[in-house]
Amino acid sequence: MVAWLCLGAHVRIANAQANNLPAIVEICTPCHGVDGTGGDVEKPNLAGQKSIYIREQLLAFRSGKRKHPDMKSIARDLSDREIDQLVIYYSTLSPN
Ligand code: HEC
């Protein structure tokens, strides 16, 4: 059991390093994880999601077109460049 937990953490860190974790991702990891898998049923997985889709959702949260209290307060402070980094990061993670 302990061995599996360690292995899991190791894989996640390796995955993040391989993808050059941008600093801005730290805002998202408490909910969406470093590996892009949500921690509970209410947090959607982002790993391997289509880049166009992730961008559209972040722009929609930022503008208020898509409504969610947590995502609204986070997305409203994101710059276009930060959104680019986040889209590249999560869309290139392996979904499993
Ligand atoms: C406090 C927790 C929390 C944090 C922090 C957070 N999110 Fe979310 N995020 C959510 C929840 C909950 C949803 C689901 C919203 C809904 O039900 O409409 C969501 C939805 C999304 C979606 C839409 C996914 C889909 O399948 O439609 C994207 C994209 C997203 N978040 C990206 C991010 C990014 C990028 C960050 C960091 C800048 C971030 N989130 C930070 C909780 C969070």
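Structure shown above.
Residues numbered from 1 in each chain as written. Predicted model: local features only at pLDDT ≥ 70, side-chain atom pairs only at ≥ 80, totals over all residues. Heavy atoms only, no water.

## Some thoughts on the overall build of the chain
Next up, step 1: Of the regular secondary structure elements, the chain holds five helices and zero strands.
Next up, step 2: Across the 96 residues that make up the chain, the buried fraction comes to 29%.
Next up, step 3: For the chain, the accessible surface area stands at approximately 6,600 Å², while carbon and sulfur atoms represent 58% of it. (Helix = DSSP H or I, 4+ residues; strand = E, 2+ residues; numbered from the N terminus. Buried < 20%, exposed > 50% of the residue type's maximum accessible area, 1.4 Å probe, protein only. Areas by Shrake-Rupley, 256 points an atom, 1.4 Å probe, with all protein chains shown as cover.)

## Regarding the site of the ligand
Next up, step 1: Every one of the 19 residues lining the ligand counts as a neighbour, but C28, C31, H32, Y53 and M71 are closest to it.
Next up, step 2: The separation between a nitrogen atom of the ligand and a polar side-chain atom of H32 is 2.7 Å.
Next up, step 3: Put simply, the ligand lies in the largest pocket.
Next up, step 4: Sorting the residues of the shell around the ligand by element identifies α2 (29-32), α3 (51-63) and α4 (69-75) as the ones contributing at least two each.
Next up, step 5: The element that contributes the greatest number of residues to the shell around the ligand is α3, accounting for five residues.
Next up, step 6: In terms of residue class, the shell around the ligand is built from 12 nonpolar, three polar and four charged. (Near = heavy atom within 4 Å. Polar contact = N/O pair within 3.5 Å; in protein donor to acceptor, adjacent residues only side chain to side chain. 1 Å grid on protein atoms, 1.4 Å probe; cavity = no way out; pocket = protein on both sides within 12 Å on 5 of 7 lines; lining within 4 Å. Sits in = over half its atoms within 2 Å of the grid points. Nonpolar A, V, L, I, M, F, W, Y, C, P; charged D, E, K, R; others polar.)

## Regarding the environment of I24
Next up, step 1: Turning to its location among the elements, I24 is positioned in the loop between α1 (2-18) and α2.
Next up, step 2: The spatial distance from the C-alpha of I24 to the C-alpha of E82 is 6.9 Å, given a sequence separation of 58 residues.

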